[in-house]
Amino acid sequence: MTLPPPEPKSLAMTDSAALADLSFEDALKQLETIVRQLESGEVPLDESISLYAKGDALKRLCEERLNAAKARIEKISLGADGAPRGTEPFNAG
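Conventions we followed
Residues numbered from 1 in each chain as written. Predicted model: local features only at pLDDT ≥ 70, side-chain atom pairs only at ≥ 80, totals over all residues. Heavy atoms only, no water. UniProt positions renumbered as here; feature names shortened; annotations may be inferred. Helix = DSSP H or I, 4+ residues; strand = E, 2+ residues; numbered from the N terminus. Expected span 1.5 Å × (residues − 1). Buried < 20%, exposed > 50% of the residue type's maximum accessible area, 1.4 Å probe, protein only. Arc of directions from axis to C-beta. Contact = heavy atoms within 4.5 Å.

Per an unreviewed UniProt entry, the chain is named Exodeoxyribonuclease 7 small subunit, and its organism is Rhizorhabdus histidinilytica. Quoted verbatim from the Catalytic activity (unreviewed entry) field of UniProt, the annotation for the chain is "Exonucleolytic cleavage in either 5'- to 3'- or 3'- to 5'-direction to yield nucleoside 5'-phosphates." The Subunit (unreviewed entry) comment attached to the chain in UniProt states, word for word, "Heterooligomer composed of large and small subunits."

In structure tokens form, the structure reads like this:
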């Protein structure tokens with residue numbers, strides 16, 4: 001069995017650039033589609049490998065976007081009297 005030649009770096013860079021332009025929601029939709037395709041077991045091996053790599057990139061993108069969103073969220077802190085006294089950084093811990 002022979003494997004296809006590796007993708008040119010320019011194509012991989014274009015894919016990365018295209019992924020970076022996706023919204024979180026679009027990236028998640030694409031990731032869900034890839035997962036369904038892979039779980040179906042009907043995708044040829046070579047295509048499965050490519051889909052897995054793209055899915056991994058989409059997963060990382062979604063994680064980065066979620067982490068960035070968490071960093072921007074602030075929670076309202078209340079004083080002893082129950083009145084808002086300002087905001088503080090979100091701490092999911």
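S.K.: Honestly, helix H2 (residues 24-40) in this entry has me stumped. Any pointers?
M.R.: Owing to its 3.6 residues per turn, the α-helix aligns residues three or four sequence positions apart on the same side. With 17 residues, H2 should reach 24 Å at 1.5 Å per residue; the first-to-last C-alpha distance of 24 Å fits that figure. By the burial criterion, the buried members of H2 are Ala27, Leu31 and Ile34. For H2, the angular spread of buried residues about the axis comes to 60 degrees, placing them on one side. The outward face of H2, more than 90 degrees from its buried face, is lined by the exposed residues Lys29, Arg36 and Glu39. The secondary structure elements touched by the buried residues of H2 are helix H3 (45-72). Positive phi shows up at Gly41, right after H2, with a value of about 75 degrees.

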